[in-house]
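If you want the building blocks of each chain, they are given just below.
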Amino acid sequence: MKYWSILAVILFVSCEKEPPPSPPEPSEPSMYFPANWSGDWETIDPEVLGWNTGAIQPMLDFLDSTNTRAFLVLVNGRMVIEHYNGQSLNGQPFERSSNWYWASAGKTLTAYVCGIAMQDGSLDLDASTSDYIGTGWTNASSAQEVNITVRNQLTMTSGLNDGVADPDCTDPPCLEYLADAGTRWAYHNAPYTLLQDVIGGATGETFTSYFRDSLSLKIGMSGTWYWLGSNHVYFSNARSMARFGILNLNRGNWNGTQILSEANHDLFTTTSQVLNPSYGYLYWLNGQGTYMLPGSQLTFSGNLVPSAPSDMYAAMGKNSQLLMVVPSMNMVVVRMGEDPDVSLVPTKFPEELWQRMNQVITE
């Protein structure tokens with residue numbers, strides 16, 4: 001009797017159904033790279049992301065009221081918002097194919113190309129600028145000039161006087177010594193512009209051809225560099241700016257091809273010197289606690305864009321040309337257009353924009 005009782009228990013237990021397997025953990029969406037030279041671009045509905053879709057139109061109304069021409073938001077490379085408004089530079093309606101100027105946001109393109117030239121062994125960031133463009137390129141003494149390095153140009157620490165009558169002028173008489181290289185941070189266009197001559201001297205190619213072959217062709221960017229006075233300015237459509245944003249978000253890797261090493265990308269997008277923690281290598285950095293702005297030696301407390309995520313880094317140009325990368329959200333934000341705030345590096349507009357962005361992306 002005892003034997004049959006035990007057997008019955010065994011049979012009963014063995015007939016019980018196995019518990020259903022636990023559902024797999026949701027995986028992080030893969031990074032999407034739009035095909036080069038194609039109009040195709042994957043999209044994702046903001047509702048799928050859990051965004052507050054009712055706040056999108058008020059944000060777009062704000063953008064239109066501030067003369068925005070193009071506004072793009074991407075998550076994992078996929079287009080979530082793509083909005084165009086107003087007129088293009090030739091007076092036609094602004095649309096997907098319309099070009100606009102990057103202004104100083106294009107400095108980050110030059111930074112990336114410097115990184116690539118460093119990577120291929122052509123350029124040494126700690127070498128004297130004179131090694132690549134010759135001596136006598138400034139009005140400083142030989143001893144003062146030779147101490148200015150490529151790294152100083154990339155970090156706005158050349159020590160040259162940004163208070164001259166024309167701070168964009170790259171002629172030697174315009175480039176006056178003010179402080180030893182590395183001891184003073186000042187946003188100064190002329191030493192930056194000469195980086196493109198440095199790249200030419202280092203690689204033996206023109207800057208534009210090296211830029212094209214080493215960067216823009218590899219990620220499908222369409223655009224052109226134009227001289228506007230003393231400034232060499234990049235013009236492209238908004239999607240080309242977004243492509244560069246995806247490359248940054250993926251730490252220099254484009255669909256499996258490492259264009260800039262992760263180490264070099266990380267170097268360029270972190271604090272480059274102690275004088276202005278919110279400045280990297282021609283990139284602006286949020287979340288650093290203090291910052292300096294062009295035309296001033298004052299240090300301001302707080303973050304550059306308080307309402308933006310602290311890990312955001314950005315390409316910023318006059319009239320709020322903005323490419324903002326947020327690694328913690330796998331997000332890229334592009335904004336092109338005009339702006340009532342004509343400062344060289346805008347902070348008011350990005351703050352107002354992120355106040356509205358936060359209403360959209362709040363789950």
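These remarks concern the structure in this document.

What counts and how
The residue numbers shown here count from 1 along each chain, following its written sequence. Note on the predicted model: pLDDT of at least 70 is required for a residue's local features to be given, and 80 or more for side-chain atom pairs to be given and counted; whole-chain, interface and lining totals, by contrast, use all residues. Neither water nor hydrogens contribute to the side-chain values; these are computed over all heavy atoms in the structure. A run of DSSP states H or I qualifies as a helix once it reaches four residues; a run of E qualifies as a strand once it reaches two. Both are numbered from the N-terminal end. The buried label goes to any residue with under 20% of its type's maximum accessible area, the exposed label to any with over 50%, and the partly exposed label to all in between, with areas taken from a 1.4 Å probe on protein chains only. Take a side-chain nitrogen of Lys or Arg and a carboxyl oxygen of Asp or Glu: if they are within 4 Å of each other, that pair is a salt bridge. Note on pairing: two strands pair once DSSP finds at least 2 bridges between them. The contact criterion used throughout is that any non-hydrogen atoms of two residues lie within 4.5 Å. Angles run from 0 to 180 degrees between N-to-C directions of axes, and those axes are lines fitted to C-alpha atoms, restricted for helices to the stretch in contact. The definitions used throughout rest on a 1 Å grid laid over the protein atoms alone, on which a cavity is an enclosed set of points accommodating a 1.4 Å probe that cannot get out and a pocket is an open set flanked by protein within 12 Å on both sides along at least five of seven lines; lining residues are those having an atom within 4 Å of a point. Grid points are joined across faces, edges and corners, and a volume is the space filled by probe spheres set on the points. Three residue categories are used. Nonpolar comprises Ala, Val, Leu, Ile, Met, Phe, Trp, Tyr, Cys and Pro, charged comprises Asp, Glu, Lys and Arg, and polar comprises the others, including Gly.

**A look at unusual backbone geometry**
Piece 1. The phi dihedral of Met156 is positive, around 65 degrees, even though this residue is not glycine.
Piece 2. Structurally, Met156 can be placed in the loop between α6 (150-155) and α7 (189-193).
Piece 3. Its identity as a non-glycine residue notwithstanding, Arg251 has a phi of 55 degrees, on the positive side.
Piece 4. Position of Arg251 among the secondary structure elements: in the loop between α10 (238-249) and β6 (253-254).
Piece 5. Overall, Arg251 belongs to the partly exposed group, its relative accessible area being 33%.

**Here we look at the pattern of salt bridges**
Opposite charge on two side chains permits pairing when their charged atoms draw close.
Piece 1. One pass over the structure, following the stated rule, counts 9 salt bridges.
Piece 2. Salt-bridge contacts for Arg239 lead to Glu82; the nearest nitrogen and oxygen are separated by 2.8 Å. Residue Arg239 is located in helix α10, and its partner Glu82 is located in strand β2 (residues 78-84); the two are separated by 157 residues in the primary sequence.
Piece 3. In this structure, the salt-bridge partner of Arg151 is Asp126, at a minimum N-O distance of 2.7 Å. In this pair, Arg151 is assigned in helix α6 and Asp126 in the loop between α3 (107-119) and α4 (130-133), connecting sequence segments 25 residues apart.
Piece 4. For Arg151, a relative accessible area of 24% corresponds to the partly exposed category.
Piece 5. By relative accessible area, Asp126 is classed as partly exposed at 48%.

**Here's the deal with the sheet that holds strand β1 (residues 68-75)**
Piece 1. Strand order in the open sheet formed by 6 strands is β2-β1-β13-β12-β11-β8, and the pairing between neighbours is antiparallel. Each edge of the sheet is formed by a strand with only one pairing partner; in this case those strands are β2 and β8 (284-285).
Piece 2. Sheet analysis places strand β12 (residues 321-326) next to strand β13 (residues 331-337), joined by 5 bridges and oriented antiparallel. The residue of β13 that forms the bridge with Leu323 is Val334.
Piece 3. Sheet contacts for α10: β1, β2, β11 (313-317), β12 and β13; angle to β13, the most-contacted strand, approximately 150 degrees.
Piece 4. Helix α12 (residues 348-361) contacts β1, β11, β12 and β13 of the sheet and is inclined by roughly 135 degrees relative to β13.

**Re the layout of surface pockets**
Piece 1. One number sums up the size of the largest pocket: a volume of about 440 Å³.
Piece 2. Taken together, 23 residues make up the lining of the largest pocket; nearest its centre are Ser104, Asp168, Asn189, Asn231 and Leu344.
Piece 3. Mapped onto the lining of the largest pocket, the elements with two or more residues apiece are α7, β4 (223-228) and β5 (231-236).
Piece 4. Grouping the constituent residues of the lining of the largest pocket by class yields 10 nonpolar, 9 polar and 4 charged.

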